[in-house]
Amino acid sequence: MKFLIKKAGQIIVLFSLGVSIWLSLGYQEDKFTRLRKRMVEEQLASRDITDKRVLEVMGMVPRHLFVLPQYINLAYEDTPLPIEEGQTISQPYIVALMTQCLALKGDERVLEIGTGSGYQAAILAHLCREVYTIEIRESLARKAADLLARLGYQNVYVKGGDGYFGWPEKAPFDAIIVTCAANHLPPPLLEQLKDGGRLVIPLGSTLYFQTLTLVIKEGKRPRVEYILGVRFVPMIGEAEKKKR
Ligand code: SAH
């Protein structure tokens, strides 16, 4: 009898522990949903993010799962954050702005250079048909691929390698997004862009500031629009060998 009471007591303790963990995780999720909604209103919609689909997706993707655990409470702040290997996950506004520049409708195949945390790729995955993303730092490529798979993304393909050369086997792309800074537009990327396709890249000094640049491929002479002054981590590899 005594044994049974003890056993029942243990079961009750374990059960209530389980329930409280479950409740507090639920509370955490609610908190992040609220913070995400506020981020969309205060940092995106109140600025110049007008693409409804971009706003909707920014309000859906759990950015807090893409940042390092020690920064989880800053995940929805108006700031870039450090990730592993001295790299950064861009500020939410910049992710939204670059995505909006691509004017995606839903059926596109998009190439990203600089997978990093995988967050930008996740945003794109909701807005187009397929995302191909290249990361030069193998450990980041592996980690992002694992996380994206765990979150159920089936239309994102991650590859380790130098994105300067694009992904010729999968070209041409409807849109290309480069999330590291270069002092020139890598020619293979322009080649792998469809006619009428859009490409966005931070161009300029890789040490200091760059200009977020939108290139629209129209026949022989692409149309170029300057969007905003930005600061990105440098594109390494082949891009650094070519001083232009
Ligand atoms: N889009 C990312 C942010 C990436 S930061 C996100 O959403 O988190 C820029 C990334 O570009 C870094 O991870 C860096 O390792 C990567 N990178 C730098 N040079 C590269 C190259 N030549 N090819 C592919 N990735 C590169």
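**Student:** What is the right way to read empty space enclosed by the protein from this model?
**Tutor:** To locate leftover empty space, one rolls a probe as large as a water molecule over the atoms. Tallying each qualifying case throughout the model produces two cavities of 30 Å³ or more. Taken as a whole, the largest cavity holds about 350 Å³ of empty space. Gly 114, Thr 115, Gly 116, Glu 135 and Thr 179 are the residues nearest the centre of the largest cavity, which is lined by 31 residues in total. Breaking the lining of the largest cavity down by element, the ones donating at least two residues are β2 (88–89), α3 (92–101), β3 (109–113), α4 (119–127) and β4 (130–135). In terms of residue class, the lining of the largest cavity is made up of 15 nonpolar, twelve polar and four charged.

**Student:** Whenever I open this one, the site of the ligand confuses me. Can you help?
**Tutor:** The environment of the ligand is formed by 26 residues, the closest being Ser 117, Glu 135, Arg 137, Gly 163 and Ile 236. Between the ligand and Arg 137 there is a distance of 2.6 Å, counted from an oxygen atom to a side-chain nitrogen or oxygen. With respect to the ligand, the backbone of Ile 236 contributes an N or O atom lying 2.8 Å from a nitrogen atom. In the complex, 99% of the free accessible area of the ligand, which totals 580 Å², lies under the protein chains. With respect to the detected pockets, the ligand is housed in the largest cavity. Counting residues per element, the ones that place at least two in the shell around the ligand are β2, β3, α4 and β4. Its residues placed into classes, the shell around the ligand shows eleven nonpolar, eleven polar and four charged.

**Student:** Would you mind going over the pairing of β3 with me for this structure?
**Tutor:** Of all five residues that make up β3, five are buried, and the element is covered over most of its length. A two-sided burial pattern is seen for β3, the buried positions comprising Arg 109, Leu 111 and Ile 113 on one face and Val 110 and Glu 112 on the other. Bridge analysis of β3 against β4 gives five bridges, and the strand direction is parallel. Across the sheet, Val 110 pairs through a bridge with Val 131, a residue of β4. Following the backbone out of β3, through α4 and into the adjacent parallel β4, one traces a crossover that is right-handed. With four bridges connecting them, β3 and strand β6 (residues 173–178) associate as parallel partners. The residue of β6 that forms the bridge with Glu 112 is Ile 177.

Rules used throughout
Residues numbered from 1 in each chain as written. Predicted model: local features only at pLDDT ≥ 70, side-chain atom pairs only at ≥ 80, totals over all residues. Heavy atoms only, no water. 1 Å grid on protein atoms, 1.4 Å probe; cavity = no way out; pocket = protein on both sides within 12 Å on 5 of 7 lines; lining within 4 Å. Points joined across faces, edges and corners; volume = space filled by probe spheres on them. Helix = DSSP H or I, 4+ residues; strand = E, 2+ residues; numbered from the N terminus. Nonpolar A, V, L, I, M, F, W, Y, C, P; charged D, E, K, R; others polar. Near = heavy atom within 4 Å. Polar contact = N/O pair within 3.5 Å; in protein donor to acceptor, adjacent residues only side chain to side chain. Areas by Shrake-Rupley, 256 points an atom, 1.4 Å probe, with all protein chains shown as cover. Sits in = over half its atoms within 2 Å of the grid points. Buried < 20%, exposed > 50% of the residue type's maximum accessible area, 1.4 Å probe, protein only. Pairing = 2+ DSSP bridges. Right-handed = clockwise from strand over helix to strand, strands pointing away.

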